[in-house]
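The primary structure of each chain is shown beneath.
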Amino acid sequence: MKMTKIIIKNVFLGLILVGSASFVNAQTTQTDTASSTTTMAATAQSGNATIDGLKKQIETNPKDTESLAKLATAYQEASDWTNAVDTWKKISALLPDWAPSYYSQAYAYQAAKDDANAKLSYEKYIATVKPEEVEQNKKNLAYAYFYVAFAEQQSDPAKAKEHIAKSIQYDPTNQDAVKLSKALNS
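Cut-offs applied
Residues numbered from 1 in each chain as written. Predicted model: local features only at pLDDT ≥ 70, side-chain atom pairs only at ≥ 80, totals over all residues. Heavy atoms only, no water. Helix = DSSP H or I, 4+ residues; strand = E, 2+ residues; numbered from the N terminus. Buried < 20%, exposed > 50% of the residue type's maximum accessible area, 1.4 Å probe, protein only. Contact = heavy atoms within 4.5 Å. Areas by Shrake-Rupley, 256 points an atom, 1.4 Å probe, with all protein chains shown as cover. pLDDT = per-residue confidence, 0-100. Axes fitted to C-alpha atoms, helices over the stretch in contact; angles between N-to-C directions. Parallel < 35°, antiparallel > 145°, perpendicular 65-115°, else oblique. Left-handed = near helix turned anticlockwise from the far one by under 90°. Arc of directions from axis to C-beta. Polar contact = N/O pair within 3.5 Å; in protein donor to acceptor, adjacent residues only side chain to side chain. Core = buried A, V, L, I, M, F, W, Y, C linked by side-chain atoms within 4.5 Å. Salt bridge = Lys/Arg side-chain N within 4 Å of Asp/Glu carboxyl O.

## Comments concerning the overall build of the protein
- Helix and strand content of the protein: nine helices and zero strands.
- Tracing the protein from N to C terminus, the helices and strands come up as α-α-α-α-α-α-α-α-α.
- When burial is assessed residue by residue, the protein has 37% of its 186 residues classed as buried.
- Within the protein, contacts between residues at least 6 apart in sequence are counted, and of these 48% link residues at least 24 apart.
- For the protein, the accessible area works out to roughly 10900 Å², and carbon and sulfur atoms hold 56% of it.

Have a look at this one:
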């Protein structure tokens, strides 16, 4: 049973990473205006079909965490942050010790400009990452610590310093974290 859970968690992580890579690619790919408009219309239609199909699949099995992860990713790709957050929350309820769902919630909250809930979700992500998972989650941990430090720099500078130190520990190449560390420690 434990091996099955690990395999399922790895599948979800892969889905999230694939969805994130698609999102980054979509944000950095340049196209001409006419084909871009056509592509966006086609994407919206296929995105809705994908979302509708996944919603139907989940109706038959509300605990299908793999389909829920695909649905949450589809919502993110459609920039539907409210439904993305709600879907990630459902996954967190079903798999409360699966840290990537909290990171994805935080990402969606952040994209929706809900900084308070983004901070809380990043903190939950940090708390949920197991010691044996730290190595594979260093970049995400670094960003989560950076975000929390940034959010706390005015209200709790001492705590912000602790978080930014952790961020740099996990990713010393993050120039934003290095700059914030210098600002906090000057």
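## Some points on the confidence of the model for the protein
- Averaged over every residue, the pLDDT of the protein is 81; the share at 70 or more is 75%.
- Note that pLDDT drops below 50 for residues 1–46; the model gives that stretch 28 contacts with residues more than four away or on any other chain.

## A closer look at the packing of helix α4 (residues 81–94) against helix α5 (residues 99–111)
- Where α4 contacts α5, the axes come no closer than 9 Å and their chain directions differ by 165 degrees. By the angle between their axes, α4 is roughly antiparallel relative to α5. Classified by chirality, the crossing of α5 by α4 is left-handed. Contacts between α4 and α5 involve Trp81, Ala84, Val85, Trp88, Lys89, Ile91 and Ser92 on the former and, on the latter, Ser101, Tyr102, Ser104, Gln105, Tyr107, Ala108, Tyr109 and Ala111.

## Quick look at the environment of aspartate 52
- Along the chain, aspartate 52 turns up in helix α2 (residues 33–60).
- Classification of aspartate 52 as partly exposed rests on a relative accessible area of 39%.
- Along the backbone, aspartate 52 and leucine 71 are 19 residues apart, and their C-alpha atoms lie at a distance of 9.0 Å.

## Thoughts on helix α9 (residues 175–184)
- Taken together, the buried positions of α9 are Ala177, Val178, Leu180, Ser181 and Leu184. All buried residues of α9 project into a common sector of 165 degrees when viewed along the axis, lining one side. Away from the buried face of α9 by more than 90 degrees, exposed residues Lys179, Lys182 and Ala183 are located.
- As for α9, its buried residues are in contact with α7 (138–152) and α8 (157–170).
- For α9, the N-terminal capping position is held by asparagine 174, with its side-chain oxygen 2.9 Å away from the main-chain nitrogen of aspartate 176.

## Brief notes about the nonpolar core
- Leu71, Trp88, Ile91, Tyr122, Tyr125, Ile126 and Leu141 are the most contacted members of the largest nonpolar core, which has 34 residues in total.
- Those elements that provide at least two residues to this core are α2, α3 (65–77), α4, α5, α6 (115–128) and α7.
- Not counting residues within four places of it along the chain, the set of residues in contact with isoleucine 91 comprises Thr65, Leu68, Ala69, Trp98 and Ser101.
- Ranked by size, the runner-up nonpolar core spans seven residues in total, among them Phe146, Ala160, Ile164 and Leu184.

## Here we look at the side chain of serine 181
- With respect to the element layout, serine 181 can be found in helix α9.
- You can call serine 181 buried: its relative accessible area is 15%.
- Ignoring sequence-local partners within four residues, the contact set of serine 181 consists of Ile164 and Ile168.

## Some remarks on the pattern of salt bridges
- Tallied over the entire structure, the rule returns seven salt bridges.
- Put simply, lysine 130 and aspartate 97 hold a salt bridge, and the shortest N to O gap is 3.6 Å. Of this pair, lysine 130 sits in the loop between α6 and α7 while aspartate 97 sits in the loop between α4 and α5; the two residues are 33 residues apart in sequence, bridging distant segments of the chain.
- Taking the relative accessible area as the measure of exposure, lysine 130 reaches 22% and is therefore partly exposed.
- Between glutamate 123 and lysine 119 there is a salt bridge, with the nearest N and O atoms lying 3.0 Å from each other.

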